[in-house]
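Here are the chains, one letter per residue:
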Amino acid sequence: MWYKIRTGIELLLGIRNKDGSYKAKFSRNWELKRLIGNYITFFMIFCTTLYFIKPSLNIKDHRLWIFAIITCICLVICTSEESYHSDKSKSEDIYNKLVITLTVLLLSYVMFIAVSSPFINYGKHARILESEVKYKTVSEFPITLEDINIIGAQEAEVLARQAVVETKDLAYKYKVRSISHIIVKGKPYAVAELGKRGVLERLKVLEAIPGYILVDKELGTASYINVEEGLRYSNDAAFLNNLKRYIKTHDLVSIISRPILELDENMEPVWVLPVIKNKVGLFGGKDIVFAYTVDPVTGEVSKVSKDNGWIDNMYTNKILEDQLSWHSSYVNGDLRLEFILGDQDMLKAVSNDIVYNGSNWFFMKEGSINRDTTGVYFVNKLTKEVIFYKTILDD
């Protein structure tokens with residue numbers, strides 16, 4: 001890719017022939033034009049990488065490190081040509097320094113990943129959730145079958161896909177991108193975010209997502225909800241209308257988790273963008289500190305805390321699953337031998353969401369073939385309150 005871009009630029013600058021060969025090296029301004037060609041190529045790849053990676057100005061952001069490594073690789077390639085500088089020794093000196101910088105970046109990145117991993121810092125990972133877990137009995141935290149949604153995550157996604165297929169002009173243009181589970185006025189719903197289908201649709205950069213799919217989890221029905229002005233700000237939008245780029249215009253430093261589509265108490269769509277804090281090393285122990293909300297039509301941004309009553313998905317399932325797994329597997333900060341050997345002490349499965357006291361919860365099962373106990377974690381997806389039922393298996 002680098003070669004093709006640079007060849008095209010050098011043809012425009014007049015230092016290559018049409019057959020791809022270089023013109024006489026000592027023609028007028030040949031070296032300057034070659035240098036300009038290299039750096040125009042570097043600038044184009046730099047901007048393209050910045051556009052797609054969307055890094056935060058935060059040393060704890062993986063994307064910033066990846067962006068820095070790609071940039072350094074481009075600079076190494078750019079300065080590897082003999083014609084980079086008329087003084088060959090100076091050219092080689094710059095090239096060698098860049099190679100050293102790239103090597104240091106790569107080694108540092110790998111080292112920080114290792115140090116931040118739960119295999120090395122298992123105690124710190126386990127303690128992230130330690131103060132949140134409350135051990136209760138069934139009488140203290142009564143959950144009945146009426147609280148458990150019959151329509152689970154997979155069923156809701158199937159219903160949403162069917163609604164897309166059955167809606168005119170949607171089936172060939174859009175697909176279900178993600179599902180979020182919400183509660184509005186005590187009633188459980190699922191909201192399906194739509195994404196553009198195929199490259200041709202993505203090239204229509206000025207076309208907004210027209211709406212979303214709403215699944216009624218009590219009735220087991222799904223319907224397409226059209227938004228008159230369209231969802232101008234979305235995950236599939238181009239340029240600054242893309243949510244992760246748009247939020248950078250308000251906060252360059254925070255690390256943003258996957259944006260989640262929800263409905264407010266007036267049944268109006270809103271994006272929730274949780275903000276991640278890495279609590280172990282540079283990259284480990286992901287937790288949520290607060291969230292931004294973005295109006296998908298106007299782009300209005302608000303900052304909300306865990307005390308905000310209507311947000312149902314402050315914490316993503318992935319982050320909560322990881323934290324519960326660390327707590328379950330590294331009990332009291334001690335790495336269990338059976339976990340290293342691949343035994344069963346980790347969480348087994350994610351089950352359906354539940355509605356309890358007007359909040360959105362989900363539950364996960366823990367168990368081990370080497371122990372006579374098992375348990376279930378119930379987790380509040382707004383406050384991260386964790387309830388643990390511990391039961392004794394029958395002989």
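Residues numbered from 1 in each chain as written. Predicted model: local features only at pLDDT ≥ 70, side-chain atom pairs only at ≥ 80, totals over all residues. Heavy atoms only, no water.

**Q** Got a sec to walk through the overall build of the protein? Specific residues and values, please.
**A** Within the protein, the secondary structure is distributed over ten helices and 14 strands. Residues counted as buried form 47% of the 395 residues belonging to the protein. Once local pairs closer than 6 in sequence are excluded, the contacts in the protein between residues at least 24 apart make up 53%. Summed over its atoms, the accessible surface of the protein is roughly 20700 Å², and 58% of this surface lies on carbon and sulfur atoms. (Helix = DSSP H or I, 4+ residues; strand = E, 2+ residues; numbered from the N terminus. Buried < 20%, exposed > 50% of the residue type's maximum accessible area, 1.4 Å probe, protein only. Contact = heavy atoms within 4.5 Å. Areas by Shrake-Rupley, 256 points an atom, 1.4 Å probe, with all protein chains shown as cover.)

**Q** Give me helix H6 (residues 153–166): which residues, what numbers.
**A** Compared with an ideal rise of 1.5 Å per residue, which puts 14 residues at 20 Å, H6 spans 20 Å between its outermost C-alpha atoms and is within 8% of the ideal. Within the sequence span of H6, burial applies to Ala 156, Leu 159, Ala 160, Ala 163 and Val 164. Looking down the long axis of H6, one finds its buried residues gathered within 140° of arc, a one-sided arrangement. In H6, the exposed residues that point more than 90 degrees away from the buried face are Gln 154, Val 165 and Glu 166. Residues of H6 that are buried in the fold lie against strand S2 (174–184), strand S3 (187–196), strand S4 (209–216) and strand S5 (221–231). (Expected span 1.5 Å × (residues − 1). Arc of directions from axis to C-beta.)

**Q** I'd like to hear about the packing of aromatic side chains, residue by residue, with values.
**A** Note on aromatic pairs: each is described by the distance of the centres and the angle between the planes. Taken as a whole, this structure holds ten aromatic pairs when the rule is applied. Here the aromatic rings of Tyr 51 and Phe 52 are separated by 5.0 Å at their centres, their planes lie at 85°, and the arrangement is edge-to-face. For Phe 52, a relative accessible area of 56% gives the class exposed. Relative to Tyr 292, the ring of Phe 290 lies with its centre 5.4 Å away and its plane at 85°, an arrangement referred to as edge-to-face. Chaining the aromatic ring pairs together yields one cluster made of Trp 65, Tyr 109, Phe 112 and Phe 283. One cation-aromatic arrangement involves Arg 245 over Tyr 51; the distance from NZ or CZ to the ring centre is 3.6 Å. Positioned above the aromatic ring of Phe 290, the side-chain terminus of Lys 303 is 4.2 Å from the ring centre. (Phe/Tyr/Trp six-rings, centres within 6.5 Å; stacked < 30°, edge-to-face > 60°. Lys NZ or Arg CZ within 6 Å of the ring centre and 35° of its normal.)

**Q** Explain the environment of Ile 113 to me, using residue names and the numbers behind them.
**A** Along the chain, Ile 113 turns up in helix H4 (residues 88–116). Note: C-alpha distance between Ile 113 and Leu 282 (169 residues apart in sequence) is 7.5 Å. Every residue in contact with Ile 113, bar those within four places of it in the chain, is listed here: His 62 and Phe 283.

**Q** Go over the side chain of Ser 234 with me, naming the residues and quoting the values.
**A** Secondary-structure assignment places Ser 234 in the loop between S5 and helix H8 (243–246). Relative accessible area serves as the criterion here: at 3%, Ser 234 is assigned to the buried category. Within the local environment of Ser 234, its side chain forms a polar contact with the backbone nitrogen of Ala 237, the two atoms lying 3.2 Å apart. Beyond its immediate stretch of four places on either side in the chain, Ser 234 contacts Ile 209, Asn 241, Asn 242, Leu 243 and Trp 271. (Polar contact = N/O pair within 3.5 Å; in protein donor to acceptor, adjacent residues only side chain to side chain.)

**Q** Please provide a residue-by-residue account of the pattern of salt bridges, values included.
**A** Summed over the entire model, instances satisfying the criterion amount to nine salt bridges. Each of Arg 177, Glu 193, Arg 202 and Asp 236 takes part in a single network of salt bridges with overlapping partners. (Salt bridge = Lys/Arg side-chain N within 4 Å of Asp/Glu carboxyl O.)

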